[in-house]
Structure formats: C-alpha cells, structure tokens
Amino acid sequence: MPRIAYRLWLKDDPAGIETYVRYHLEPFDGLYDLIREAGIQRYTIWLDGTDLLLTREGDTPEVGEKLDMENPVHAEWAATMKPLFQPRVAESGATRGWN
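Along each chain, the written sequence defines residue order, and numbers are assigned to residues from 1. Given that the model is predicted, a residue must reach a pLDDT of at least 70 before its local features are reported, and side-chain atom pairs must reach 80 or more before they are shown or counted; all residues, however, enter totals for whole chains, interfaces and linings. Hydrogens are left out, water is left out, and the side-chain values use all remaining heavy atoms of the structure.

So, on to the overall build of the protein. For the purposes of this entry, the term helix denotes a DSSP run of H or I that reaches at least four residues, the term strand denotes a run of E that reaches at least two, and both are numbered from the N terminus. Counting secondary structure elements, the protein contains 4 helices and 4 strands. Along the protein, helices (α) and strands (β) appear in the sequence β-α-α-β-β-α-α-β when read from the amino end. Taking all 99 residues of the protein together, 32% fall into the buried category. Burial classification: accessible surface area is computed with a 1.4 Å probe over protein chains only, and a residue below 20% of its type maximum counts as buried, one above 50% as exposed, and the rest as partly exposed.

Turning to the packing of helix H1 (residues 14-25) against helix H3 (residues 72-81), a few remarks are in order. Running from amino to carboxyl end, H1 crosses H3 at an angle of 155 degrees, the nearest separation of the two axes being 11 Å. The angle between H1 and H3 places the two elements in the roughly antiparallel class. Residue-level inspection shows Tyr20, Tyr23 and His24 of H1 in contact with H3, the latter providing Trp77, Thr80 and Met81. When residue character is reported, Ala, Val, Leu, Ile, Met, Phe, Trp, Tyr, Cys and Pro are called nonpolar, Asp, Glu, Lys and Arg charged, and the others, Gly included, polar. The class makeup of the residues in the contact of H1 with H3 is 4 nonpolar, 2 polar and no charged. Axis angles are defined between N-to-C directions and span 0 to 180 degrees, where every axis is a line fitted to C-alpha atoms and, for a helix, only to the segment in contact. Under this scheme an angle from 65 to 115 degrees is roughly perpendicular, one under 35 degrees roughly parallel, and one over 145 degrees roughly antiparallel; angles in between are oblique. Residues are treated as being in contact if the distance between any of their heavy atoms lies within 4.5 Å.

Here the focus is the pattern of salt bridges. When their charged atoms lie close together, side chains carrying opposite charge are able to pair. By definition here, a salt bridge exists when the distance from a side-chain nitrogen of Lys or Arg to a carboxyl oxygen of Asp or Glu is within 4 Å. Throughout the structure, instances matching the rule amount to 3 salt bridges. For Arg36, the salt bridge goes to Asp33, with nearest N and O atoms at 3.2 Å. Note that Arg36 and Asp33 are positioned in helix H2 (residues 31-37) at a spacing of 3 residues, about one turn of the helix. Owing to a relative accessible area of 53%, Arg36 belongs among the exposed residues under this scheme. Asp33 sits in the partly exposed class, given a relative accessible area of 44%. Glu57 is the salt-bridge partner of Arg42, the closest N and O atoms lying 3.4 Å from each other. Taken together, the residues span a long stretch of sequence, with Arg42 in strand S2 (residues 42-48) and Glu57 in strand S3 (residues 51-57) at a distance of 15 residues.

Moving on, we come to the nonpolar core. Only buried residues count toward a nonpolar core, which is a set of Ala, Val, Leu, Ile, Met, Phe, Trp, Tyr and Cys residues joined through side-chain atoms within 4.5 Å. Counting 20 residues, the largest nonpolar core has Leu8, Leu10, Tyr20, Leu52, Leu54, Met81 and Phe85 as the members making the most contacts within it. For this core, the elements supplying multiple residues, two or more each, are strand S1 (3-9), H1, H2, S3 and H3. Here this core gets 4 residues from one element, more than from any other, and that element is S1. Once residues within four sequence positions are removed from consideration, Tyr20 is found in contact with Leu10, Ile45, Leu52, Leu54, Met81, Leu84 and Phe85.

Listed below in structure tokens is the structure:
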C-alpha cells in the first residue's frame with residue numbers, strides 16, 4: 001500500500017500546539033468519515049516540538065487528494081488548523097514525499 005509523507009511546522013506557541021493536539025485527539029464529528037470516503041486507510045501523525053510528520057496510506061499514492069474541501073466539516077477543520085501553522089506552510093504548503 002503506497003504511503004505519502006508530509007512535513008509541516010506549527011507555530012512556536014504552546015497554546016496553539018495544545019489546540020492542535022486536542023483537536024486531533026477529539027476531532028470534529030464526521031471528519032473521520034470524510035477521510036475514509038477519500039480512500040485513506042491509515043493516517044499517522046508524529047509531533048516533535050513544532051515539527052510534524054504525517055503519513056497517509058491508501059490503494060494509490062493519490063488517495064486523499066480528493067478530500068471534499070467544500071464540505072462544511074472539512075472547511076471548519078481547515079479554518080481551525082490553518083492559523084496554527086508557521087507562515088511557510090500557508091505560503092508553500094507541506095513538504096511532500098512518498099515510498
């Protein structure tokens with residue numbers, strides 16, 4: 001099963017990091033359904049200070065590229081998460097690779 005990895009950076013803000021962790025431990029209702037509907041079978045996140053490494057797995061490398069950005073649950077999730085990231089993430093996106 002292909003795995004895609006992303007590297008992201010949170011702002012160096014303890015309250016923001018806590019918000020990120022809390023919402024990942026207790027995500028919005030329906031978010032996991034959206035992830036499954038996009039074909040993502042496994043999603044893993046490692047956090048080290050402000051550095052994040054995320055991996056996702058599915059049947060093809062493109063899995064997850066079709067998350068419904070118009071869905072109100074995903075739009076609210078993105079609006080909640082975006083301010084927590086360093087400006088370079090908002091400007092350039094995540095660093096991406098796969099194996």
